[in-house]
Amino acid sequence: MKSEKELMTNFESHNRQEKKKHPADMLRDMLSAQSLEINKTVKENDSLENLLNSDGTMDPRGYVELYGEDGIKRDANDVREHELSFAAARNPKVREFYRANHGIEDDDGILGQWKKDRSREKSLQMEMAITLLLSQKLGKDFLVVRTAAYDDYQNSADNLILDRVTGEVVGAFDEVHESGDGSRTEGKKLKIKKIAMKGGAKIRYGFKLANGKVVRASLEGVPVFYLGLESGELTELIQGLGENDSEKTEKIFAKLLASLGEQSVELKKSTKVPSFHARLNSFARSISRVTTDPEQKAV
């Protein structure tokens, strides 16, 4: 049996290793634990299996009844083509880089390495951190997930939020990490206005409540908001999540809520589609419920 001194030494060593962990790895581990918990909850309460992948994204494999196996395969191929394009995997110089630096020569290998490298980028860290923050602060009455890659690429949505009280998906979110002159944020503003002018976004791999149960569903007319943080704020948020520092996370959450309120007002001016206005009003009521009733928030 180990002595108390040995146990403390091991504990301190473990803590040092955790502190050295890359922020992306820490966020990925937290999302994995959260996804397991959500999958367990929806299985027990809604009889719905394998809603999420380990990274918190919607798992398209559960939508076979809606779209058929051929439809799911077509979407997967579409996602693959997008990612091959993003990775410039068919560029001879890029292929030579992966061969020389990683010993990789095939498309699958290049995509695997590209995804690994991309997961450590600030934009992906922000997407993971925002998902964790919203889940933590919005509490048990809301279900916060990352969208499937298909909806990320095709419909400009990184997250979905389902209000379990009203039964509605109240909004989708597109994150932006601002590290420059503000041009990224301005680009997102223009994008969400265009989506609003069309009456909201379509979400292929979504969910809703039916007879009080979470079910998989396609969605239309979903308001899309942007959630923007500067580099320093993202660092503070990641630290707050890792250290369970509610003061840091509450500060960032308050900023995002204020931004969402302003965007909701602006988006109403962008379209006269009645159903879209109704969703914006529903979103405002849902957020108001959280901000005015502390018991709605997660402990």
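You'll find the structure just up there.
For clarity, every value in this text was computed on a predicted model and none was experimentally measured.

1. Some points on the overall build of the protein
Right, on to step 1. A tally of helices and strands in the protein yields 11 helices and six strands.
Right, on to step 2. Burial analysis of the protein (299 residues in total) assigns 45% to the buried set.
Right, on to step 3. Expressed as a percentage of contacts within the protein between residues at least 6 apart in sequence, the contacts between residues at least 24 apart total 62%.

2. Observations concerning the sheet that holds strand E1 (residues 142-146)
Right, on to step 1. Read across the open sheet, the four strands follow the order E1-E2-E3-E6; overall the sheet is mixed. The open sheet has two free edges, formed respectively by E1 and strand E6 (224-230), since each of these has just one partner strand. Strand-to-strand twist of the sheet, defined as the mean angle between neighbouring strand axes without regard to direction, takes the value 25°.
Right, on to step 2. Two strands pair when backbone bridges link them, and strand E2 (residues 159-163) and strand E3 (residues 169-178) are joined in this way by four bridges, in the antiparallel orientation. For Asn 159, the partnering residue across the bridge sits in E3 and is Phe 173.
Right, on to step 3. Against the sheet, helix H6 (residues 122-138) contacts E1, E2, E3 and E6, and its axis sits at roughly 170° relative to E1.

3. Details of helix H5 (residues 107-118)
Right, on to step 1. Along its 12 residues, H5 runs 16 Å from first to last C-alpha, staying within 8% of the 16 Å computed at 1.5 Å per residue.
Right, on to step 2. Taken as a whole, H5 has its buried residues at Asp 107, Gly 109, Ile 110, Leu 111, Gln 113 and Trp 114.

4. Some details on the side chain of Glu 175
Right, on to step 1. You can see Glu 175 is positioned in strand E3.
Right, on to step 2. Summary of buried charges: Glu 175 has no salt-bridge partner, and the nearest side chain of opposite charge, Arg 146, is 6.8 Å away.
Right, on to step 3. Residues within four places of Glu 175 in sequence aside, it is in contact with Met 126, Glu 127, Ile 130, Asp 158, Asn 159, Lys 188 and Leu 227.

5. Re the environment of Glu 168
Right, on to step 1. If you trace the backbone, Glu 168 turns up in the loop between E2 and E3.
Right, on to step 2. Along the chain, Glu 168 and Phe 283 lie 115 residues apart, while their C-alpha atoms are 8.9 Å from each other.
Right, on to step 3. Discounting chain neighbours no more than four positions away, the residues touching Glu 168 are Ile 161, Leu 162, Asp 163, Arg 279 and Ser 282.

6. Thoughts on the packing of aromatic side chains
Right, on to step 1. Enumeration over the complete set of coordinates arrives at 10 aromatic pairs.
Right, on to step 2. Seen in terms of ring centroids, Tyr 150 and Tyr 205 are 6.0 Å apart; in terms of plane orientation they differ by 80°. Their pairing is edge-to-face. On the criterion of sequence distance, the pair formed by Tyr 150 in helix H7 (residues 149-155) and Tyr 205 in strand E4 (residues 201-210) is long-range, its members being 55 residues apart.
Right, on to step 3. Geometrically, the ring pair formed by Phe 225 and Phe 283 is stacked, given 4.4 Å between the ring centres and 25° between the ring planes. Linking Phe 225 in strand E6 with Phe 283 in helix H11 (residues 274-292), this pair joins segments that are 58 residues apart in sequence.
Right, on to step 4. A connected cluster of aromatic rings, assembled from ring pairs, spans Tyr 63, Tyr 67, Tyr 150 and Tyr 205.

7. Notes on the packing of helix H9 (residues 231-243) against helix H10 (residues 246-268)
Packed helix pairs are specified by the crossing angle of their axes together with the interaxial distance, meaning the distance between the axes.
Right, on to step 1. Between H9 and H10, the shortest axis-to-axis distance is 8 Å and the interhelical angle comes to 135°. Judged by the angle between their axes, H9 and H10 are oblique. Note that H9 runs across H10; the crossing there is left-handed. For the pair formed by H9 and H10, the contact residues are Glu 233, Glu 236, Leu 237, Gln 239, Gly 240, Leu 241 and Glu 243 on the first element and Lys 248, Thr 249, Lys 251, Ile 252 and Lys 255 on the second.

8. Some words on the pattern of salt bridges
Right, on to step 1. Counted according to the given criterion, the structure contains 21 salt bridges.
Right, on to step 2. One salt bridge in this structure joins Arg 204 and Asp 75, with 2.5 Å as the shortest N-O distance. With Arg 204 in strand E4 and Asp 75 in helix H3 (residues 64-86), this pair connects stretches of sequence that are 129 residues apart.
Right, on to step 3. The exposure class of Arg 204 is partly exposed, given its relative accessible area of 23%.
Right, on to step 4. Notably, a salt bridge pairs Lys 248 with Glu 243, separated by 3.6 Å at the nearest N-O pair.
Right, on to step 5. Each of Asp 25, Arg 28 and Arg 120 takes part in one network of salt bridges that share partners.

9. A word on the pairing of E4
Right, on to step 1. Two elements, E4 and strand E5 (residues 213-222), share seven bridges in a ladder whose sense is antiparallel. Following the sheet pairing, Leu 209 is matched in E5 by Val 214.

10. Concerning the packing of H6 against H10
Right, on to step 1. Where H6 contacts H10, the two axes come as close as 11 Å, and the packing angle between them is 95°. Here H10 runs roughly perpendicular to H6, going by the angle between their axes. Residue-level inspection shows Ile 130, Leu 133, Leu 134, Gln 136, Lys 137 and Leu 138 of H6 in contact with H10, the latter providing Ser 246, Thr 249, Glu 250, Ile 252, Phe 253 and Leu 256.
Right, on to step 2. When its residues are assigned to classes, the contact of H6 with H10 shows seven nonpolar, three polar and two charged.

About the thresholds
- Residue indices begin from 1 for each chain and proceed along its sequence in written order.
- For a predicted model such as this one, the threshold for reporting local features is a pLDDT of at least 70, and the threshold for listing and counting side-chain atom pairs is 80 or more; totals across whole chains, interfaces and linings nevertheless cover every residue.
- Excluding hydrogens and water, the side-chain figures rest on all heavy atoms present in the structure.
- A helix here means a DSSP run of H or I that spans at least four residues, while a strand means a run of E at least two residues long, and both kinds are numbered starting from the N terminus.
- Relative accessible area decides the class of each residue, using a 1.4 Å probe on protein chains only: under 20% of the type maximum gives buried, over 50% gives exposed, and in between gives partly exposed.
- The contact definition used throughout considers only heavy atoms, calling two residues in contact when any of these lie within 4.5 Å.
- Two strands pair under a simple rule: DSSP has to find at least two bridges between them.
- Helix axes use the C-alpha atoms of the stretch in contact, all axes being lines fitted to C-alpha atoms, and the angles between their N-to-C directions lie in the range 0 to 180 degrees.
- Working rule for helices: expected span equals 1.5 Å times residues minus one.
- His is not counted here, nor are the chain ends, while Lys and Arg score as positive and Asp and Glu score as negative.
- Note on definitions: salt bridges are taken to be side-chain nitrogens of Lys or Arg within 4 Å of carboxyl oxygens of Asp or Glu.
- Two aromatic rings from Phe, Tyr or Trp, using only the six-membered ring of Trp, form a pair when their centres are within 6.5 Å; if the ring planes differ by under 30 degrees the pair is stacked, by over 60 it is edge-to-face, and anything between is tilted.
- Orientation categories follow fixed angle ranges, with anything under 35 degrees roughly parallel, anything over 145 roughly antiparallel, 65 to 115 roughly perpendicular, and all other angles oblique.
- Less than a right angle of anticlockwise turn of the near helix away from the far helix marks a crossing as left-handed, whereas a clockwise turn marks it as right-handed.
- Three categories are distinguished: nonpolar for Ala, Val, Leu, Ile, Met, Phe, Trp, Tyr, Cys and Pro, charged for Asp, Glu, Lys and Arg, and polar for the others, with Gly belonging to the last.

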